[in-house]
Amino acid sequence: MTEFAERGSRNTGNLGRTTIADGVVAKIAFLAASESDGVHALGSGFSRSVGALRKRVPGGGTTATHGVKVEVGEKQAAVDLDVVVEYGEVIPDVGRGVRENVISAVEGMTGLQVVEVNIAVSDVWLPEEEEAEPERVQ
């Protein structure tokens, strides 16, 4: 066996540790939930307003994960979402779709097992509310 072949067969899984920050999992969950059918926005009205203000302040950050709380362990994660659903959508169906998207995205990107995705529907978005709320997730 050549020297290269011996190095190539080495098990690299035992040569270090990879940790994933809570913010990374929150961002993945936020994006996956916001891409779900029937979801207008994440976060309560107050948290969306604070997020919009943070975007306008220099250095305030452009990454928004308002409406998402996560607990990340060594091998598992739990996600809590605050969702605004579009009027006319069947809320349990939206919840199922959000849950599937979030679990798929988080597990696929991080390798963590998602043990729960709790969804709180905090509001229903009406089309005539568009002028009052300029920021739309989708």
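In case you missed it, the structure is sitting above this.
All values reported here derive from a predicted model rather than from experimental measurement. (Residues numbered from 1 in each chain as written. Predicted model: local features only at pLDDT ≥ 70, side-chain atom pairs only at ≥ 80, totals over all residues. Heavy atoms only, no water.)

How should the pattern of salt bridges be read in this particular structure?
One side chain can pair with another of opposite charge once the charged atoms of both are near each other. Taken as a whole and assessed by the stated rule, the structure comprises one salt bridge. Residue D93 is joined to R96 by a salt bridge in which the shortest nitrogen-to-oxygen separation is 2.4 Å. On the criterion of helical spacing, the pair formed by D93 and R96 is a turn pair, its members being three residues apart in helix α4 (residues 91–110). With relative accessibility at 43%, the residue D93 sits in the partly exposed group. Accessibility expressed as a relative area gives 44% for R96, which makes it partly exposed. (Salt bridge = Lys/Arg side-chain N within 4 Å of Asp/Glu carboxyl O. Helix = DSSP H or I, 4+ residues; strand = E, 2+ residues; numbered from the N terminus. Buried < 20%, exposed > 50% of the residue type's maximum accessible area, 1.4 Å probe, protein only.)

Would you explain helix α2 (residues 22–34) in this entry?
Residues separated by three or four positions in an α-helix point in the same direction, a consequence of the helix having 3.6 residues per turn. Under the 1.5 Å per step criterion, the end-to-end length of α2 is 18 Å for 13 residues, consistent within 8% with the ideal 18 Å. If you follow the buried residues of α2, they end up packed against β1 (39–42), β2 (68–72), β3 (76–86) and α4. (Expected span 1.5 Å × (residues − 1). Contact = heavy atoms within 4.5 Å.)

Sorry, what's going on with the side chain of S36 here?
Within the secondary structure, S36 is located in the loop between α2 and β1. Classification of S36 as buried rests on a relative accessible area of 2%. Here A32 takes part through its backbone oxygen, which lies 3.1 Å from a polar atom of the side chain of S36. (Polar contact = N/O pair within 3.5 Å; in protein donor to acceptor, adjacent residues only side chain to side chain.)

What is the right way to look at the nonpolar core in this model?
As a rule of thumb, soluble globular proteins bury nonpolar side chains together. Residues L42, V68, V79, L81, V98, V102 and V106 are the most contacted members of the largest nonpolar core, which totals 23 residues. Those elements that provide at least two residues to this core are α2, β1, β2, β3, α4 and β4 (113–125). By residue number, the principal contributor to this core is α2, which donates seven residues. When near neighbours in sequence (up to four residues on either side) are disregarded, V79 contacts A29, V68, K69, V70, V102, E116, V117 and N118. (Core = buried A, V, L, I, M, F, W, Y, C linked by side-chain atoms within 4.5 Å.)

So what exactly am I meant to see when it comes to the packing of α2 against α4 here?
For any two helices packed against each other, one specifies the crossing angle of their axes together with the interaxial distance. The contact between α2 and α4 brings their axes to 8 Å, and the two run at 140°. Taken together, the axes of α2 and α4 are oblique relative to one another. When you trace α2 past α4, the crossing you get is right-handed. Facing V25, I28, A29, A32 and A33 of α2, the residues of α4 in contact are V98, N101, V102, A105, V106, M109 and T110. When the residues that make up the contact of α2 with α4 are grouped by side-chain class, the tally is ten nonpolar, two polar and no charged. (Axes fitted to C-alpha atoms, helices over the stretch in contact; angles between N-to-C directions. Parallel < 35°, antiparallel > 145°, perpendicular 65-115°, else oblique. Left-handed = near helix turned anticlockwise from the far one by under 90°. Nonpolar A, V, L, I, M, F, W, Y, C, P; charged D, E, K, R; others polar.)

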